[in-house]
Amino acid sequence: MAITLLNPDGLPAIDVYHQVAVATGARTVYVAGQVAWGADGATVGAGDLAAQVEQCYLNVATALAGAGATFDDVAKLTVHVVDWTPELMPALLEGVRRATAKLGTTAAPPATLLGVAALDVPEHLVEVEAVAVLD
């Protein structure tokens, strides 16, 4: 496998992601920010952060699959959430849990969470982008 996930001594061990990913593969996959669109282009989960996070993760998985990758190959995630406050964390984590259960993965690559003022359209609450590395 091209990705080794680590929580080095001296850094806190976070439940939902690892602090470091070591990538040793030869091919890099960059997935554009995925929003909560279904395959038909309609927004999934309007007003529901957990539902939108779940759909974003599923869309990232679909994009990865198109390049021959899975979440196990992801070296880094970036999550953009509209009007972020810490009170939104339970909904965000619920969406991640639902998506990873559907995908059958426990991969928890390093992740950055960014609060943003807005995304592409008002009904989108979250966007997730990924970088993966393949052997």
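Since the model is a prediction, treat every value here as computed from it, not as a measurement. (Residues numbered from 1 in each chain as written. Predicted model: local features only at pLDDT ≥ 70, side-chain atom pairs only at ≥ 80, totals over all residues. Heavy atoms only, no water.)

K.L.:
Can you help me understand the packing of aromatic side chains in this one?
P.N.:
Pairs of aromatic rings are described using the distance from one ring centre to the other and the angle between the two planes. Tallying each qualifying case throughout the model produces one aromatic pair. Between the aromatic rings of Tyr 57 and Phe 71, the centroid separation amounts to 5.5 Å while the plane-to-plane angle is 5 degrees, which identifies the pairing as stacked. On the criterion of sequence distance, the pair formed by Tyr 57 in helix H1 (residues 49-66) and Phe 71 in the loop between H1 and strand E4 (74-82) is long-range, its members being 14 residues apart. Summarising the burial analysis for this pair, Tyr 57 and Phe 71 share the class buried. (Phe/Tyr/Trp six-rings, centres within 6.5 Å; stacked < 30°, edge-to-face > 60°. Helix = DSSP H or I, 4+ residues; strand = E, 2+ residues; numbered from the N terminus. Buried < 20%, exposed > 50% of the residue type's maximum accessible area, 1.4 Å probe, protein only.)

K.L.:
Quick question: what am I supposed to make of unusual backbone geometry here?
P.N.:
Where the residue is not glycine, phi is negative for most of them; where a peptide bond is considered, it is trans in most cases. One non-glycine residue with positive phi stands out, namely Asp 83, at about 50 degrees. Here Asp 83 is to be found in the loop between E4 and helix H2 (89-103). Classification of Asp 83 by relative accessible area gives exposed; the value is 55%.

K.L.:
Whenever I open this one, H2 confuses me. Can you help?
P.N.:
Note that an α-helix has 3.6 residues per turn; residues three or four places apart therefore point the same way. Taking 1.5 Å of rise per residue, the 15 residues of H2 would be expected to cover 21 Å, and the 21 Å separating its terminal C-alpha atoms lies within 8% of that figure. Buried residues belonging to H2 abut H1, E4 and strand E5 (111-116). In the segment just after H2, Gly 104 is the residue with positive phi, at about 70 degrees. (Expected span 1.5 Å × (residues − 1). Contact = heavy atoms within 4.5 Å.)

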